[in-house]
Amino acid sequence: MMPHASARAGFWIVAAVFAATMAYSTVPTPLYPLYEQSDGFPVSLVTVIYSAYAVGVIVSLYLFGHISDWFGRRPMILIAVAISLVSGVMFLAWPETAGLVAARLVNGVSIGIMSATATAYLGEVRAVAAPTEKPAFATSVAGAANLGGLALGSLIGGAMAEVLPDPLVLPHVLFLVLLTVALVAVAAVPETVARPAKAPRYRPQKLSVPRANRSIFLVAAFGAFAGFAVFGLFSSLIPTFLGGEFEDRDHLLAGISVFAIFGASAAGQLALAGARLRTQLTVAVLACTVGLMGVATGAILVQIALFLGGGVIAGLGVGLLFRGAIGTSLAIAEPGHSAETVALLFLIAYLGPVIPVLAVGAGLSFAPPLAVLLVFVVLVLAATVSAGLIMRRRAAP
């Protein structure tokens, strides 16, 4: 029998596995131009490939995100890692366009299971390891593992593509090894859920809209949707925009750019973790405004520093806006239904990398990239700022 790790060690094992699984989901981002060259598909198809990932996350969250409540945290983490390994094998064995779509869909399923389960697992394991500690520490580590992993994956993929041979092979091989080690490590983490003698009848994740505060919930969900659309655009198309509009095909730069955007989002949430919701939303509105205007201005003036700097500032704002949307949803949820309300918020948020990003991809098939980008920025700016201001007005002073 494999020895079990202590709860304290198990907490950090789960955090590391969480981060590694999330990181693998963004490794392909700086590699998309190479896949375009290899397979000869148009840039608009990149958005389809990326959106397949988001669809996988949405379906997974709805169908499987809550199963660990009775099936167990550790088994679901193991399943999530195993599914991620399957997606890695698909990337290597089936690098054609259809294979990329399928691999991203499968990878999204892994992320949906992992993000829901690992967040709960970290809170429970930490409660055993440090019973007198406030839950905020575990929540902050979960957020850092989530967004930090997304940031690191693009950086690793870009660096390997720039300095090593076989850029469409070695990054996947590296993560196949890391995720295999993760399987072994997670098997040693103590379980925190007592499985019932008889498993309950399966049903999909129950979703709940607060009846008395439906309008403010819709505003919060709309803000989360618009914010995730920004993440989706940069995660799917930033290498293409850098290579086309700015004529810079440095894969490492593409990886660093996505790393900085997600990193700014994570850093902002950690830095303002103790601030009032109203303060967080104020910073979110200002950062989204300044950042998105910087993105548009940098694109018009062909100033790459301004374009990427605006993206980083916008990433900071989007992270805080999403945190504010969660805070708003929890504040207005009906008693006993907070998890169902937040689950619905997440599902709506993950539509952001699907519908708007697919629309951008369709626009790129008949309009210049600059025009498509500017239309997108104007719409998202209006959505994020208006949602942030309405939530701020409703937040406690």
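Residues numbered from 1 in each chain as written. Predicted model: local features only at pLDDT ≥ 70, side-chain atom pairs only at ≥ 80, totals over all residues. Heavy atoms only, no water.

Draft legend 1. Quick peek at the overall build of the chain. Helix and strand content of the chain: 15 helices and zero strands. The C-alpha atoms of the chain give 20 Å as radius of gyration, which agrees with the globular expectation for 397 residues (21 Å, within 12%). Counting only C-alpha atoms, the chain reaches 60 × 50 × 35 Å along its principal axes. The burial tally for the chain puts 52% of its 397 residues in the buried class. The contacts of the chain with a sequence gap of at least 6 include a subset with a gap of at least 24, amounting to 85%. Accessible area of the chain: about 16000 Å², with a carbon and sulfur share of 71%. Put simply, the chain has 20 plus and 15 minus side-chain charges, and the middle of one group is 21 Å from the middle of the other. (Helix = DSSP H or I, 4+ residues; strand = E, 2+ residues; numbered from the N terminus. Rg over C-alpha atoms; globule rule 2.2 N^0.38 Å. Buried < 20%, exposed > 50% of the residue type's maximum accessible area, 1.4 Å probe, protein only. Contact = heavy atoms within 4.5 Å. Areas by Shrake-Rupley, 256 points an atom, 1.4 Å probe, with all protein chains shown as cover. Lys, Arg positive; Asp, Glu negative; His and termini not counted. Charge placed at Lys NZ, Arg CZ, Asp CG, Glu CD.)

Draft legend 2. Structural context of the packing of aromatic side chains. Summed over all chains, the structure comprises 13 aromatic pairs. Arranged with centres 6.2 Å apart and planes meeting at 80 degrees, the rings of W12 and F137 form a pair that is edge-to-face. Remark: F137 occurs in helix α7 (residues 136-163) and W12 occurs in helix α1 (residues 7-26); sequence separation between them is 125 residues. For W12, a relative accessible area of 44% translates into the label partly exposed. Judged by relative accessible area, which is 32%, F137 ranks as partly exposed. Through successive ring pairs, a cluster of aromatic residues spans F228, F231, F262, F322, F346 and Y350. (Phe/Tyr/Trp six-rings, centres within 6.5 Å; stacked < 30°, edge-to-face > 60°.)

Draft legend 3. Main features of the packing of α1 against helix α5 (residues 73-93). Two elements in contact, α1 and α5, have axes whose closest approach is 11 Å; the angle formed by their N-to-C orientations is 30 degrees. As judged from the angle between their axes, α1 and α5 are roughly parallel. Seen along the crossing, α1 lies across α5 with a hand that is left-handed. The segment α1 lies against α5, with V17, T21 and Y24 engaging I77, V81, S84, S87, G88 and F91. (Axes fitted to C-alpha atoms, helices over the stretch in contact; angles between N-to-C directions. Parallel < 35°, antiparallel > 145°, perpendicular 65-115°, else oblique. Left-handed = near helix turned anticlockwise from the far one by under 90°.)

Draft legend 4. Seen up close, the packing of α7 against helix α10 (residues 251-271). Put simply, α7 and α10 touch, their axes get as near as 7 Å, and they point 170 degrees apart. By the angle class used here, α7 and α10 are roughly antiparallel. Considering only residue class, the contact of α7 with α10 consists of 15 nonpolar, nine polar and one charged. (Nonpolar A, V, L, I, M, F, W, Y, C, P; charged D, E, K, R; others polar.)

Draft legend 5. Quick look at the layout of surface pockets. There is about 310 Å³ of room inside the second largest pocket. P356, A359, V360, F376 and L379 are, among the 18 residues lining the second largest pocket, the residues nearest its centre. Examining the composition of the lining of the second largest pocket, we find that seven residues originate from one element, helix α15 (residues 369-394), more than from any other. When the residues that make up the lining of the second largest pocket are grouped by side-chain class, the tally is 17 nonpolar, one polar and no charged. (1 Å grid on protein atoms, 1.4 Å probe; cavity = no way out; pocket = protein on both sides within 12 Å on 5 of 7 lines; lining within 4 Å. Points joined across faces, edges and corners; volume = space filled by probe spheres on them.)

Draft legend 6. Molecular detail of α7. In this model, α7 (28 residues) spans 39 Å end to end at C-alpha, consistent with the 40 Å of a helix rising 1.5 Å per residue. Along α7, the largest kink reaches about 25 degrees and is centred on G148. (Expected span 1.5 Å × (residues − 1). Bend = angle between axes of the 7 residues up to and from the residue.)

Draft legend 7. Main features of the nonpolar core. Judged by nonpolar contacts, the single largest core of 112 residues is most densely connected at F18, I77, M114, I238, F307 and M391. No other element matches the 16 residues that helix α9 (residues 214-244) contributes to this core. The contacts of I77, once residues within four sequence positions are left out, are V17, M114, T117, A118, Y121 and V186. (Core = buried A, V, L, I, M, F, W, Y, C linked by side-chain atoms within 4.5 Å.)

Draft legend 8. Just the side chain of S51, in detail. Inspection of the secondary structure puts S51 in helix α3 (residues 44-64). Of the polar contacts made by the side chain of S51, one reaches the backbone oxygen of P353; its length is 3.3 Å. Filtering out sequence-adjacent residues up to four positions away, S51 remains in contact with P353, V354, V357 and L358. (Polar contact = N/O pair within 3.5 Å; in protein donor to acceptor, adjacent residues only side chain to side chain.)

Draft legend 9. Looking closely at the environment of Q303. Here Q303 lies in the loop between α11 (277-301) and α12 (304-332). Separated by 57 residues in the primary sequence, Q303 and F246 place their C-alpha atoms 7.9 Å from one another. If we ignore the near neighbours within four places in the chain, the residues touching Q303 are F246 and G298.

Draft legend 10. Molecular detail of the environment of M22. Along the polypeptide, M22 turns up in helix α1. What makes M22 buried here is its relative accessible area of 0%. Sequence separation of M22 and S236 is 214 residues, and the distance between their C-alpha atoms is 15 Å. Discounting residues that sit within four places of it in the chain, M22 has contacts with I111, A145, N146, G149 and L150.

Draft legend 11. Quick peek at unusual backbone geometry. Not every positive phi belongs to a glycine, and D166 is a case in point at roughly 50 degrees. In this structure, D166 sits in the loop between α7 and α8 (170-186). Taking the relative accessible area as the measure of exposure, D166 reaches 49% and is therefore partly exposed. Of note, the phi angle at V302 is positive, near 55 degrees, even though the residue is not glycine. Mapped onto the elements of the fold, V302 is located in the loop between α11 and α12. Residue classification places V302 among the partly exposed residues on the basis of a relative accessible area of 47%.

Draft legend 12. Main features of the side chain of S154. With respect to the element layout, S154 can be found in helix α7. Taking the relative accessible area as the measure of exposure, S154 reaches 0% and is therefore buried. Each residue touching S154, except ones within four places of it in the same chain, is listed here: T26, V27, P30, G255, V258 and F259.

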